[in-house]
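Per-entry structural report
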Amino acid sequence: MTDAHTTGPFIAAIDQGTTSSRCIVFDKDGRIVSVDQKEHEQIFPKPGWVEHDAKEIWENVQEVVAGAVVKAGITSADVKAIGITNQRETTLLWDKNTGEPVHNALVWQDTRTDALCKELGRNVGQDRFRRQTGLPLASYFAGPKVRWLLDNVEGLRERAERGDILFGTMDSWVIWNLTGGTEGGVHVTDVTNASRTLLMNLHDMEWDRGILSSMDIPAALLPEIRSSAEVYGKAKGGVLDGVPVASALGDQQAALFGQTCFAEGEAKSTYGTGTFMLMNTGHRPVNSYNGLLTTVGYRIGDSEPVYALEGSIAVTGSLVQWMRDQMGLINSAAEIETLASSVEDNGGAYFVPAFSGLFAPYWRPDARGVITGLTRYVTKAHIARAVLEATAWQTREISDAMTKDSGVELTALKVDGGMTSNNLLMQTLSDFLDAPVVRPMVAETTCLGAAYAAGLAVGFWPDTDALRANWRRAAEWTPRMDAATRDREYKSWLKAVQRSMGWLDDTTAEE
Ligand SMILES: Nc1ncnc2c1ncn2[C@@H]1O[C@H](COP(=O)(O)OP(=O)(O)O)[C@@H](O)[C@H]1O
Ligand SMILES: O=P(O)(O)OC[C@H](O)CO
């Protein structure tokens, strides 16, 4: 229910994430009025393959929207706009006549296109992709997943060429269904999501015809690329019938927006299943020479796009889940802090969680997880500590790369996401970065960012200054580690990273 101080109108944000979908209703001060959330199944058909059932996701989205509206005790008349944010890169093709997906969605973590990426790299060249799209050629991104589906689902290419098939990341799937589906649903994506496909030219924000042809992807599949904050259409049916759908941003860009990183040089890092650090680089795309991605931060209506540099880490919170579910060393994610705090240090152990290869700044699909430095002294508590340190060191590596690429020294890092409830991790992060780490009052920055963008699009908030005024610090950690210890430990970490590389070769590749 709404509390006594909260009066409408409101904005509803839908976050279609990797592990769950949630809907949050926000008031004008950016405060949370209600939340509803539902997990969906993670499907692992083979090593390295990760899929989602898109129908299940759409059902969950409808359920959580209804749940959040009911919990808030409001009706569609109180909701001025709906904002969408989503797990990025996760790829779906569906039949526009029936609304049926042609295959499960291929999730961003899925590595089945590694071999295809290698082949494209040989035939087309790595540099071409980097130059046009800002991205390295990697299985992480959507384009190769589209190509895999076209090559592997029988009869699909012919249907796609006939114009019967639509491609979308989860923003497109949710918006198409929300605005009517087979009854006139709009087929759009926003610039931030499109910038993760390896198919969009970063400079003119259009699908790149040359890349489409070298990847053999028919243009008829593709959604229209729109800004991140404008009205795409109205919800048709459901509890929010008639409410404008007014924003879409990939979840990490939404968090950048929700953290109000509107000025060049401002950065945030989100600690969930994976970790993603983004720095606003203003109206210019900064090329990375240090393994980062150049991506679109956001674009509000017709205004100039804002770009970002991104460091993506595939495995952080999911390593804690692995310790709990696969290793049984802890009973809950929160217990990792208790276990790790029971020792003074890592006991000489380092854990490089390269479970799906290494993402930024290395982009090494041949890497696999390693624990190094083991002696009989090492206990499970030391391993727990090494698990947390892995997240902090990976952030440090990305922060170093960002400084090299942008010339901007990190003065403080804004953080959010489920792992930031871990105080030991946040302190370790501040120690390894040698910079303050700050967490805002509203930790749900992803939904907040989508709500802010939707609210700007319909005039609910006048401008970004009004949004900045809502940002409030909840906690701050400052460095306590001496420089000599930090430098020594960093060297050991970098050595451990080297040990993880080159594990897969042609004889061990996971096909
Ligand atoms: N106290 C904690 N310490 C370390 N990791 C945690 C803690 N609480 C949650 N996590 C991790 O955070 C992740 C959930 O964060 P969340 O932001 O909800 O992720 P996502 O949006 O990617 O689903 C899980 O992977 C979980 O293992
Ligand atoms: O759903 P999350 O929070 O794990 O985020 C996934 C990222 O968008 C992948 O690029």
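Residues numbered from 1 in each chain as written. Chains lettered and ligands numbered in written order. Predicted model: local features only at pLDDT ≥ 70, side-chain atom pairs only at ≥ 80, totals over all residues. Heavy atoms only, no water.

- Under an unreviewed UniProt entry, the name given to the protein is Glycerol kinase, and the organism recorded is Streptomyces halstedii.
- Under the Pathway (unreviewed entry) heading, UniProt states for the protein: "Polyol metabolism; glycerol degradation via glycerol kinase pathway; sn-glycerol 3-phosphate from glycerol: step 1/1."
- The UniProt entry for the protein carries the following comment under Catalytic activity (unreviewed entry): "glycerol + ATP = sn-glycerol 3-phosphate + ADP + H(+)". (UniProt positions renumbered as here; feature names shortened; annotations may be inferred.)

Details of unusual backbone geometry
- Geometrically, the link from A360 to P361 is a cis peptide bond, its omega value of -5° lying close to zero.
- Mapping P361 onto the fold places it in the loop between strand 19 (350-352) and strand 20 (370-372).
- With a phi close to 60°, M205 is a non-glycine residue in the positive phi region.
- On the basis of relative accessible area, M205 is assigned to the buried category, the value being 7%.
- Its identity as a non-glycine residue notwithstanding, T260 has a phi of 55°, on the positive side.
- Along the polypeptide, T260 turns up in the loop between helix 9 (251-258) and strand 15 (267-271). (Helix = DSSP H or I, 4+ residues; strand = E, 2+ residues; numbered from the N terminus. Buried < 20%, exposed > 50% of the residue type's maximum accessible area, 1.4 Å probe, protein only.)

Quick notes on the UniProt feature "domain: Carbohydrate kinase FGGY C-terminal" (unreviewed entry) in the protein
- In the numbering used here, UniProt assigns the feature "domain: Carbohydrate kinase FGGY C-terminal" (unreviewed entry) to residues 268-457.
- The span residues 268-457 shows a helical share of 35% and a strand share of 20%, and its end C-alpha atoms are spaced 23 Å apart.

Side note on the site of ligand 1
- Not every one of the 16 residues close to ligand 1 is listed here, only the nearest: T19, T273, G317, G418 and N422.
- For ligand 1, an oxygen atom lies 3.1 Å from a polar atom in the side chain of Q321.
- Within the backbone of G418, one N or O atom sits 2.8 Å away from an oxygen atom of ligand 1.
- In isolation ligand 1 exposes 580 Å². Once the protein is present, 78% of that is buried.
- Top element by residues in the shell around ligand 1 is helix 10 (residues 317-325). It accounts for four residues. (Near = heavy atom within 4 Å. Polar contact = N/O pair within 3.5 Å; in protein donor to acceptor, adjacent residues only side chain to side chain. Areas by Shrake-Rupley, 256 points an atom, 1.4 Å probe, with all protein chains shown as cover.)

Points about the environment of R162
- With respect to the helices and strands, the residue R162 is situated in the loop between helix 5 (156-161) and strand 8 (165-168).
- The class of R162 is exposed, set by a relative accessible area of 57%.
- Through-space distance from the C-alpha of R162 to that of A220 is 8.2 Å; in sequence the pair is 58 residues apart.

Thoughts on the site of ligand 2
- Around ligand 2, a shell composed of G17, T18, Q87, R88, E89, W108, Y140, D251, Q252, T273 and F276 is seen.
- Between ligand 2 and R88, the relevant distance is 3.0 Å, taken from an oxygen atom to a side-chain nitrogen or oxygen of the residue.
- Between Y140 and ligand 2, the recorded distance is 2.7 Å, taken from a side-chain N or O atom to an oxygen atom.
- Protein chains bury 89% of the 310 Å² of accessible surface belonging to ligand 2 in isolation.
- Its residues assigned to classes, the shell around ligand 2 comprises three nonpolar, five polar and three charged. (Nonpolar A, V, L, I, M, F, W, Y, C, P; charged D, E, K, R; others polar.)

Section: helix 1 (residues 54-72)
- In this model helix 1 runs 27 Å from its N-terminal to its C-terminal C-alpha over 19 residues, within 8% of the 27 Å that 1.5 Å per residue would give.
- Those residues of helix 1 that sit buried are A54, I57, W58, N60, V61, V64, V65, G67, A68, V69 and A72.
- At its buried positions, helix 1 is contacted by strand 1 (10-16), strand 2 (20-26), strand 3 (32-39), strand 4 (51-52), strand 6 (92-95) and helix 6 (170-178).
- One side-chain oxygen of the residue at the start of helix 1 lies 3.0 Å from the amide nitrogen of K55, identifying that residue as D53.
- At the exit of helix 1 stands G73, carrying a positive phi of roughly 65°. (Expected span 1.5 Å × (residues − 1). Contact = heavy atoms within 4.5 Å.)

Structural notes on the pairing of strand 18 (residues 306-313)
- Burial of strand 18 is extensive: eight of the eight residues sit out of reach of the surface.
- Bridging between strand 16 (residues 275-280) and strand 18 involves six bridges; their strand directions are antiparallel. Each residue of the ladder has a partner; that of F276, found in strand 18, is S312. (Pairing = 2+ DSSP bridges.)

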